[in-house]
Amino acid sequence: MKDFAVVGKSLPRVDAPAKVRGEALYTDDLLLPHMVYGKIKRSPHAHAVIKKIRYDKALELPGVLAVITGDDAPQAYGIVPQAPTEYALAVGKVRYAGEGVAAVAAVDEETAEEALERIEVEYEVLPAVFDPVEALERQDVVIHAKAKNNMMYEGKQEFGDVDKAMAEADFVLERSFKTSYVNHAFLEPHSALAHFEANGFLTVYSSTQIPHYLHRTLSLVLDLPMNKIRVSVPMVGGGFGGKGEVASSELCAALLAQRTGHPVKVTYERSEVFAQHKGRHPCVMTMKIGVSQDGTIQAIDFDNILDGGAYGGWGIVVLFYTAAMIHLPYQVPNARFRGRRVYTNKPTTGAMRGLGGVQPRFAMESMLEDIAKELGMSPYDLRLKNAVESGYTTKSNVYVPHSEFKKCLQTAVERSGYREKQGKLPLGKGIGLAGGYYISGTAYTLYMSYKPHSSALIRVDTEGGIILYTGATDIGQGSNTVLPMIAAEELGVRADDIHIVSGDTQLTPFDLGSFASRVTYGAGQAVRMAAQGINKQLYEVAAVELGVRADQLICREGKIYSQYEPGPVLDFMAAVAKYIDAKGPLSAMGHYSPPRKGMKGVQGANIGQSPTFGFSAQVTEVDVDLETGKVKVLKVTEAGDCGQPINPMSVEGQVEGSIVMGMGQALFEEIKVSPDGRLLNASLHDYKIPTAVDIPEIDSTIVDSYDPTAPFGAKESGEGPIQPVIPAIANAICDAIGVRFLELPITPEKILQALKEKKER
Amino acid sequence: MKKLITLNINGQDFDLAVSPRDLLVDVIRKKVGLTGTKKGCGQGDCGACTVLMDGHPVLSCITLAVASQGKKIQTIEGLSEGEKLHPIQESFVEQGAVQCGYCTPGMILSAKALLDRNPDPSEEEIKQGIAGNLCRCTGYKKIVKAISAAAEKLGGKEEERVR
Ligand code: FES
Ligand code: FES
């Protein structure tokens, strides 16, 4: 453990006091003078041509200011800009039930709602499809003209010689898996407030993870230059990837504000959050793993059909992430992937915490367990044998600079008593192990660009103190706490000496956004570099004052002194005053660009490249009620490698949140779709997420780790820990009742059915 | 047709013109301007809109404003005394029970109602007490810990009282 003054301390979140007092302002809490309300009319049909939209009766209603339809903003957009498929409102046809077809601005929400009822839409209903495998076959359903067989994209990769390795393997196992349709269920519905100033300058306040991509998309869809638009992010009530794409609420608010001249706020109802969706891709996966007798993995062959829902979204990226995820955290010398992302007439899937990882991890970790049993090995030994270490390069040319994955496995196994319990518990009780990893940022931007992915500015003066400006966006994950801690450590001051301004495209320097677990690592590097820039300038003046060479100075607890011998001390702020007197204003910028690694000639091989990776291992204990089929997760013992935690309490929060979220997906979360494509449980009543009474005991350990490439050694911690959750539960259930479940969620009905079948056999 | 009503919120009377269909959450947020009360679902499913009415937790998104007259309504803004946080608020901050914070006001008020009626709850009782408040960020562990720590601070814990 390094000797840090600030890093590694569990400081309370900077925004927590305002949040517990109810004073923190989220987008829907904001009011502007003359503000009006926007509402969106949605299609009842899953697939239909829009023949005509009549809205004069809506406009006649007193208090209604404007109505817009898809024709008012016909520019397609997409988070992956090379393949834009989405519109602010449906253009020409709707592709899922719940898609927006028109939007209204009115003086209050009630009037806006009444106006929606007065809009008449004439549809010509088309045949629809809701299952991705079926969609590939259905010639009669054409969701997007460009996508033949409803296939949005097909990706293929092969590294090494899979056929040869399989033929030579001592044991080969093949299984098929299916995962469910899962929503992020963050607590704050999407909300956007747009406002045009008299000079035509647009400001959008929004609950988003990606102010930059929203900025770009507003510019595209409204046909305004980017420098006439500002995106500002108030407090965000959770995102988990669901606010990692532009939502039609944001575009409609801006379009209606443009049309009416009033500030317009659009806040979703909960059912609209489900229509916007962009949740986890349901996957139909077939995986084949070949091993040698000693348990060494020889090859993986993986076929994945991803249910994309109606539009493109993050789809192509998710597709290739599922490919990338089989290359780690175990050494895989030969790997092949075929993936197809398929359109269906459902709300679009997209990015959700640990995107692309959770589904293949469920398959792979379930299979490793079974392979170990087949070989007469402990599943733990098998994993340890194949686990990657620092300095490993995958067959897909992904370099892993740092890994303490083995330590994670060892710690989780030792702390849980896995070895003593596995295979030895009474019927109905079980224990399961799984490993996982995730990226700490990506190597590439979603559009071609060489600019730094993160940048930061620190300004210091005797009036405002130390102000850190960063484009990184706090969506509840705590970056507004962690980034000042990084700055404080480098500057040698206290964390609460630093004020942070973040998530604003006008006020803060560039940052790509809060996704891909990139903020602590990437924005952290930028912040650290900016702080180093301040020190360099400041120490030159302090050196004169102290009579010590600048390169020998350090600052601790706000005091600058020689790190080698006791002597005079200069207060940090006194040095700042001297600096400004002598040289003028003091500021410095920092930036970070990840290494642009990839693999020439291999489709999609840039995806999955990351400057470093976090790891996690979990041992989960369950109790399966043989009468009711109900699974109670009793205890999860987690050990994670997030490098040096900047704020351990925050890391624990990420781990605990991940475990409980993953548990929901493993056991009960699933959006149900009616035969005509309506969502049957688009509410928090019917779409169940874990409550406080469902939670297991959680024993989490941050293993001793320090990534030398990282800012103060820190890596991701918010998406790695969700990776092992589902397979660890599935493996524990298998240990408890001897049934291997291949489909999520593992509901009581499925368990009872399986127990019945087992008895009959 | 609007109706004139008086709501007592955090000890202060507010005269308000509301329609009979207006929900308490909207009146508190939009008419009174206390936006600490959150709306996560508007259907009584998430607990984000929890307020206390005569000390009992109530979901303000399924409560009519007109039916709330004559009651003492407490929102999150009425919990701290000036700058000083209520011990439950303090514990939430200290224990890391706040991430995005959207569930936090409702969670804290449910916790207050629980500790008012049961000053020394077991872990299970705490979990039951907040079972109607969803949180997607924290996994609840630190929230339960914060409530337990607050019970201790408030002197409700058995050993505290003996001393
Ligand atoms: S907003 Fe009232 S319970 Fe969700
Ligand atoms: S802290 Fe985000 S929902 Fe509870």
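Residues numbered from 1 in each chain as written. Chains lettered and ligands numbered in written order. Predicted model: local features only at pLDDT ≥ 70, side-chain atom pairs only at ≥ 80, totals over all residues. Heavy atoms only, no water.

Student: Teacher, can you tell me more about the sheet that holds strand β13 (residues 283–291) of chain A here?
Tutor: Strand pairing in a sheet takes place through backbone hydrogen bonds and is either antiparallel or parallel in direction. Residues and elements named next belong to chain A. Judged by pairing direction, the sheet is mixed, and its five strands sit side by side in the order β7-β15-β14-β13-β8 without closing on themselves. Each of the sheet's edge strands pairs with one partner strand only, and the pair in question is β7 (151–159) and β8 (171–178). Between one strand axis and the next, the sheet turns by 5 degrees as a mean value, whatever way the strands run. Taken together, the eight bridges between β7 and strand β15 (residues 335–343) define a ladder with antiparallel strand orientation. Residue F159 lies in a different strand from β15, and its bridge partner there is A335. Docked against the sheet, helix α9 (residues 315–324) engages β7, β14 (297–309) and β15, running at close to 25 degrees with respect to β7. Helix-sheet contacts for helix α10 (residues 358–375) involve β8, β13 and β14, and the interaxial angle to β13 is about 35 degrees. (Pairing = 2+ DSSP bridges. Helix = DSSP H or I, 4+ residues; strand = E, 2+ residues; numbered from the N terminus. Axes fitted to C-alpha atoms, helices over the stretch in contact; angles between N-to-C directions. Contact = heavy atoms within 4.5 Å.)

Student: It is not clear to me how the domain arrangement of chain A should be interpreted in this structure. Could you clarify?
Tutor: Accessible area lost upon the coming together of the parts is a frequently used measure of interface size. All names here are of chain A. By domain assignment, chain A separates into domain 1 (16–22 + 452–592), domain 2 (31–126 + 187–238 + 243–276) and domain 3 (283–444 + 600–760). Between the C-alpha centres of domain 1 and domain 2 there is a distance of 39 Å. Listed by partner, the interface residues are 17 residues for domain 1 and 16 residues for domain 2. Counting the surface lost from both domain 1 and domain 2, the interface buries some 1300 Å², and carbon and sulfur atoms represent 57% of this. Our enumeration of links across domain 1 and domain 2 arrives at one salt bridge. Residue R230 pairs with D504 through a salt bridge whose shortest N-O separation is 2.6 Å. At the surface where domain 1 touches domain 2, the tally comes to six residue pairs in polar contact (both at pLDDT 80 or more). Along the lines of polarity and charge, the residues of the side of domain 1 that touches domain 2 split into five nonpolar, eight polar and four charged. (Domains from an automatic or database assignment. Buried area = accessible area lost by both parts, 1.4 Å probe. Salt bridge = Lys/Arg side-chain N within 4 Å of Asp/Glu carboxyl O. Polar contact = N/O pair within 3.5 Å; in protein donor to acceptor, adjacent residues only side chain to side chain. Nonpolar A, V, L, I, M, F, W, Y, C, P; charged D, E, K, R; others polar.)

Student: Could you clarify how one ought to interpret the nonpolar core in this entry?
Tutor: The nonpolar side chains of a soluble globular protein tend to be buried, and buried together. If you look at the biggest cluster of nonpolar residues, it comprises 202 residues, and the most contacted ones within it are I289 and I733 of chain A together with F92 of chain B. Here this core takes nine residues from α10 of chain A, the largest share from any one element. Setting aside chain neighbours within four positions, we find F92 of chain B in contact with V20 of chain A together with A97, V98, T104, M107, I108, I143, A146 and I147 of chain B. Counting 49 residues, the second largest nonpolar core, distinct from the first, contains A456, A523, A542 and V548 of chain A. (Core = buried A, V, L, I, M, F, W, Y, C linked by side-chain atoms within 4.5 Å. Buried < 20%, exposed > 50% of the residue type's maximum accessible area, 1.4 Å probe, protein only.)

Student: Would you mind showing me how to read the interface of chain A and chain B here?
Tutor: Taken together, the contacts link 51 residues of chain A with 46 residues of chain B. Together chain A and chain B conceal approximately 3900 Å² of surface at their shared face, both sides included; 57% is due to carbon and sulfur atoms. Taken as a group, V20, R21 and L187 of chain A account for 20% of the area that chain A buries against chain B, more than any other trio of residues on that side. There are eight salt bridges connecting chain A and chain B. One salt bridge in this structure joins K141 of chain B and E656 of chain A, with 3.9 Å as the shortest N-O distance. The interface formed by chain A and chain B includes 21 residue pairs in polar contact (both at pLDDT 80 or more). When residues in the side of chain A that touches chain B are grouped by element, the largest group, eight residues, is from helix α17 (residues 648–667) of chain A. Partitioned by chemical class, the residues of the side of chain A that touches chain B number 27 nonpolar, 12 polar and 12 charged.

Student: I would appreciate a short explanation of the sheet that holds strand β5 (residues 72–74) of chain B in the present structure.
Tutor: Residues and elements named next belong to chain B. Spatial ordering of the open sheet is given by β2-β1-β5-β3-β4, a layout of five strands whose pairing is mixed. Because the sheet does not close on itself, it has two edges, and the strands there are β2 (12–18) and β4 (56–59). Ignoring strand direction, the axes of neighbouring strands in this sheet form an average angle of 40 degrees. Direction of pairing for strand β3 (residues 50–53) relative to β5: antiparallel, over a ladder of two bridges. If you follow L52 over to β5, its bridge partner there is Q74. Contacting β1 (3–9), β2, β3 and β5, helix α1 (residues 24–32) crosses the sheet at an angle of about 105 degrees to β2. Its contacts with the sheet place helix α3 (residues 104–117) against β3, β4 and β5, and it is angled at close to 35 degrees to β3.

Student: Just checking my understanding: could you explain the domain arrangement of chain B for this structure?
Tutor: Residue and element names in this part refer to chain B. Each assigned domain of chain B is listed here: domain 1 (3–78) and domain 2 (87–153). Using only C-alpha atoms to locate each centre, domain 1 and domain 2 end up separated by 21 Å. Summing both sides of the interface, domain 1 and domain 2 together bury roughly 1100 Å²; the carbon and sulfur share of this comes to 64%. Counting every contact that joins domain 1 to domain 2 gives zero salt bridges. There are four residue pairs in polar contact (both at pLDDT 80 or more) connecting domain 1 and domain 2. Per element, the largest residue contribution to the side of domain 1 that touches domain 2 is three residues, and it comes from β3. Per-class residue counts for the side of domain 1 that touches domain 2 are six nonpolar, seven polar and three charged.

Student: What am I meant to see in the pairing of strand β28 (residues 697–702) of chain A here?
Tutor: Each regular strand carries side chains that alternate between the two faces of the sheet. With six bridges connecting them, strand β27 (residues 631–641) of chain A and β28 of chain A associate as parallel partners. Each bridged residue has a counterpart across the sheet, and for G640 of chain A the counterpart in β28 of chain A is I702 of chain A.

Student: What should I look at first to understand empty space enclosed by the protein in this one?
Tutor: Vacant regions in the atomic arrangement are exposed by a probe of water-molecule size rolled over the atoms. Under the counting rule described, the total for this entry stands at nine cavities of 30 Å³ or more. Approximately 230 Å³ is the volume found for the largest cavity. Forming the walls of the largest cavity are 20 residues, and the residues nearest its centre are D28, E109, T267 and Y268 of chain A together with K39 of chain B. For the lining of the largest cavity, the elements supplying multiple residues, two or more each, are β1 (36–42) and β12 (264–267) of chain A together with α1 of chain B. (1 Å grid on protein atoms, 1.4 Å probe; cavity = no way out; pocket = protein on both sides within 12 Å on 5 of 7 lines; lining within 4 Å. Points joined across faces, edges and corners; volume = space filled by probe spheres on them.)

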